[in-house]
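# A closer look at the structure
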Amino acid sequence: MAEQHFQQKLSFFEKAGYSAADAAANFVFMTMILFQTNFYTDVFGLTASAAAAILLWPRLWDAVADPIVGILADRTQTRWGKFRPWILATAVPWFVIMILAYTTPKGWNMGALIAYAVITNTLLMTIYSMNNMPYAALGGVMTGDVNERAKLNSFRFIAVNAAQFIVGGFTLPLVAKLARHHAAGGTIGIADQQYGWRMTMTIWAVLCLVLFLITFTTTKERIKPIAREKTSPKQDFFNLLKNNPWKVMFFMTLCHFCILSFRGGALYNYYHHYADKAALYDWVQQLGLVVPAGAKASGLMETLGYIVHGDRADLANSNVADVANSIINMIGTGVTIIVILLSPPLAKRFGKKAVAVTGFGLACVGSLAFYFLSPTNVWGMVALTICIALAYAPTIPLIWAIYADVADYSEWKTGHRFTGMVFATIGFGLKAGLALGSASFLWIMAGVFNYNTKLPDAAAAVQGYRACSGLMVGVLFAICTVLLIAYPITKRLTIQMADELAERRKGTGAA
């Protein structure tokens, strides 16, 4: 058998245009993973238990909303296709709600603040489902070419990681800079931090709106279902339950995205409370990003909030942890962007499953090693961040390409394609994983390490940040590795499905 018979090429312009919407989505997604937990506890002013509930329930609702959106998207019929109209329709609501979700109302009591946070976070998660689930399904109907899908997802995740680079690298410095500007030379208070968050998220929301419009105008849906008969959502779901690859990927996705939100909350606290601030200061000083207290600075790095103002002996209220955390985030993301380019050739040679198993296994080892770093070993933190990025990066686009293979498997087995249902149910696992990751981090910290949001530097809490960032994340990566080993679609079967489905579509004009 030839490597692959069926080809359906996409232009560079369309691949790049498709990637824009996922870049936009990651301005919300990565802020949620990296900072939302601490935004609610440190800026919005909620307790750990209230924050856990607000992070859990709206995301679980969002997980339930995904299959509903999938059913509706699969049955959408417009001159623009099934999935593209959803991206256009949600662009402006996304812009508005994104800003509201990171705005702290003034003068409200705790009950009213909790209600506001629940409503705005629920709306944000709902609009995320209505936009991102059809977007994910769109990639499965732009081309049926196996190698071209891998390339499309590489474009997508280069854009994703570019957005993650911006969010992880510039959010905290921008918030600190805008807060300092709002304080007008005085002591930075909670109101100033709230202003910094609102204005930073407004900047990100404008970028999201533009990127969604780019995706809508540059992409095209090409693959049409072979089967012409009408089917019910119930029938689609029961057909899906017969799909063993889907079952494995559902549970793998649940665990995978639990890692992302759990690790994001843990690492923020790891760098702000476990890592030694004097060691961080020395490291940042080596990069030339420090000026003495009272001295003035100018230039691009000062504009972006990347200059640490202060002295080594008085760092409690400095932005040194924000700057160091952001730089390490950028290093990890930068490595990820570069290594993602290797995903298509690696997948072509070894298969998506083999690359994913290896990547998750090595990420497990790197994460476990994080636990053994001392608070002063900043270069060790940087080195392990790079090693984990090198291992994990090739898996990122391949996991999403695997989801498209799962949709192909259903069509190959049943003769009926329900891409929206596949991605919607995977989306359910994704959102449930995110919800459980953020909430379980706070539950573990409060229940095992006596975490009090008013005393984040307590000795027990600091050890909790260390254990969660290393040991717990390593265990979760190990579970994902085992599930990927159990995934039954091999490289050979992927090629066989693509060829046979292409032959079937020739007779129906579906491709």
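The following refers to the structure shown. (Residues numbered from 1 in each chain as written. Predicted model: local features only at pLDDT ≥ 70, side-chain atom pairs only at ≥ 80, totals over all residues. Heavy atoms only, no water.)

## Details of the overall build of the protein chain
Along the protein chain, the regular secondary structure elements total 19 helices and two strands. Judged by the C-alpha coordinates and their principal axes, the protein chain covers about 75 × 45 × 45 Å. The burial tally for the protein chain puts 62% of its 511 residues in the buried class. Across the protein chain, the fraction of contacts at a sequence separation of at least 24, relative to all contacts at a separation of at least 6, is 83%. Roughly 19400 Å² of accessible area belongs to the protein chain as shown, and the carbon and sulfur atoms make up 67% of that amount. Across the protein chain, the mean location of the 40 positive side-chain charges is 6 Å away from that of the 26 negative side-chain charges. (Helix = DSSP H or I, 4+ residues; strand = E, 2+ residues; numbered from the N terminus. Buried < 20%, exposed > 50% of the residue type's maximum accessible area, 1.4 Å probe, protein only. Contact = heavy atoms within 4.5 Å. Areas by Shrake-Rupley, 256 points an atom, 1.4 Å probe, with all protein chains shown as cover. Lys, Arg positive; Asp, Glu negative; His and termini not counted. Charge placed at Lys NZ, Arg CZ, Asp CG, Glu CD.)

## Focus on a nonpolar patch on the surface
A contiguous nonpolar patch, built from Trp61, Val64, Ile68 and Leu72 and spanning about 360 Å² of accessible area, is present on the exposed surface. Its location among the elements puts Trp61 in helix α2 (residues 48–74). Owing to a relative accessible area of 39%, Trp61 belongs among the partly exposed residues under this scheme. (Patch = residues over 30% accessible without salt bridge, like charges linked within 9 Å, V, L, I, M, F, W, Y side chains within 5 Å. Salt bridge = Lys/Arg side-chain N within 4 Å of Asp/Glu carboxyl O.)

## Describing the pattern of salt bridges
Per the counting criterion, the structure on display carries three salt bridges. Its salt-bridge partner being Glu302, residue Arg180 comes within 3.8 Å of it at the nearest N-O pair. Here Arg180 is found in helix α6 (residues 146–183), whereas its partner Glu302 is found in helix α11 (residues 300–303), with 122 residues between them in sequence. Judged by relative accessible area, which is 28%, Arg180 ranks as partly exposed. With relative accessibility at 12%, the residue Glu302 sits in the buried group.

## Some details on the packing of helix α9 (residues 244–274) against helix α15 (residues 378–392)
Across the interface, α9 lies against α15 with an axial gap of 15 Å and an inter-helix angle of 165 degrees. Here α9 lies roughly antiparallel to α15, going by the angle between them. As for the relative orientation of α9 and α15, their crossing is left-handed in sense. Contacts between α9 and α15 involve His256, Leu260, Arg263, Tyr270 and Tyr271 on the former and, on the latter, Met381, Thr385, Ile388 and Tyr392. For the contact of α9 with α15, the residue count by class is six nonpolar, two polar and one charged. (Axes fitted to C-alpha atoms, helices over the stretch in contact; angles between N-to-C directions. Parallel < 35°, antiparallel > 145°, perpendicular 65-115°, else oblique. Left-handed = near helix turned anticlockwise from the far one by under 90°. Nonpolar A, V, L, I, M, F, W, Y, C, P; charged D, E, K, R; others polar.)

## Digging into the packing of helix α4 (residues 91–101) against helix α5 (residues 110–141)
Each pair of packed helices gets described by two things: the angle between the helix axes and the distance between those axes. The contact between α4 and α5 brings their axes to 9 Å, and the two run at 150 degrees. Put simply, α4 runs roughly antiparallel to α5. Viewed along their axes, α4 and α5 form a crossing whose handedness is left-handed. Within the contact between the two elements, α4 uses Pro93, Trp94, Ile97, Met98, Leu100 and Ala101 and α5 uses Tyr116, Thr120, Leu123, Leu124, Ile127, Tyr128 and Asn131.

## A few points about helix α18 (residues 459–486)
Residues spaced three or four apart along an α-helix point in a common direction, a consequence of the helix completing one turn every 3.6 residues. When the terminal C-alpha atoms of α18 are compared, their 41 Å separation across 28 residues agrees well with the 40 Å that a helix rising 1.5 Å per residue should span. The largest bend along α18 measures about 35 degrees and falls at Cys468. (Expected span 1.5 Å × (residues − 1). Bend = angle between axes of the 7 residues up to and from the residue.)

## Here's the deal with the nonpolar core
Counting 166 residues, the largest nonpolar core has Phe29, Met98 and Met249 as its most contacted members. In this structure Met249 touches Ile399, Ile402, Tyr403, Val406, Ile426, Leu484 and Tyr487, once residues within four positions along its chain are discounted. (Core = buried A, V, L, I, M, F, W, Y, C linked by side-chain atoms within 4.5 Å.)

## Thoughts on the environment of Gly464
With respect to the helices and strands, Gly464 occurs in helix α18. What makes Gly464 buried here is its relative accessible area of 0%. Put simply, Gly464 and Phe449 are 15 residues apart on the chain and 5.7 Å apart in space, counted from C-alpha to C-alpha. Sequence-distant contacts of Gly464, that is, excluding residues within four places in its chain, are made with Met445 and Phe449.

## A look at the side chain of Asp22
Structurally, the position occupied by Asp22 is in helix α1 (residues 12–43). Within the local environment of Asp22, its side chain forms a polar contact with the side chain of Arg156, the two groups lying 2.6 Å apart. Not counting the four nearest positions on each side in its chain, Asp22 is found in contact with Asn132, Tyr135, Arg156, Phe157 and Val160. (Polar contact = N/O pair within 3.5 Å; in protein donor to acceptor, adjacent residues only side chain to side chain.)

## A few points about the environment of Tyr40
Its location among the elements puts Tyr40 in helix α1. Taking the C-alpha atoms as reference points, Tyr40 and Thr104, separated by 64 residues in sequence, lie 9.6 Å from one another. Setting aside its immediate chain neighbours within four residues, Tyr40 contacts Gly45, Leu46, Ala51, Ile54, Leu55, Ala101, Ala117 and Asn121.

## Topic: the side chain of Asn269
Note that Asn269 resides in helix α9. Given a relative accessible area of 1%, Asn269 falls into the buried group. Not counting residues within four places of it along the chain, the set of residues in contact with Asn269 comprises Asn38, Tyr274, Phe441, Tyr451 and Tyr465.

## A look at unusual backbone geometry
Note: most peptide bonds trans; most residues except glycine with negative phi. In this structure, Asn450 takes a positive phi of about 55 degrees despite not being glycine. Among the secondary structure elements, Asn450 is positioned in the loop between α17 (419–449) and α18. Classification of Asn450 by relative accessible area gives exposed; the value is 61%.

## Digging into the state of the cysteines
Applying the stated rule across the entire model yields zero disulfides. Take Cys255: it sits in no disulfide, and the sulfur closest to it among the cysteines is that of Cys480, at 3.6 Å. No disulfide involves Cys258; its sulfur sits 6.3 Å from the nearest other cysteine sulfur, which is in Cys255. (Disulfide = S-S within 2.5 Å.)

## So, the packing of aromatic side chains
Applying the stated criterion across every chain, the model contains 31 aromatic pairs. Ring geometry for Phe29 and Phe257: centres 6.1 Å apart, planes at 70 degrees, overall edge-to-face. Linking Phe29 in helix α1 with Phe257 in helix α9, this pair joins segments that are 228 residues apart in sequence. Judged by relative accessible area, which is 7%, Phe29 ranks as buried. When its relative accessible area of 5% is taken as the criterion, Phe257 is described as buried. A ring pair is formed by Tyr451 and Tyr465, whose centres lie 6.1 Å apart and whose planes are at 80 degrees; its orientation type is edge-to-face. One end of the pair, Tyr451, is in the loop between α17 and α18; the other, Tyr465, is in helix α18, with 14 residues separating them in the sequence. When sorted by exposure, Tyr451 lands in the same class as Tyr465, which is buried. Cluster of aromatic residues (ring-pair linked, three or more members): Phe35, Phe39, Tyr40, Phe44, Tyr102, Trp108, Tyr116, Trp197 and Tyr268. (Phe/Tyr/Trp six-rings, centres within 6.5 Å; stacked < 30°, edge-to-face > 60°.)

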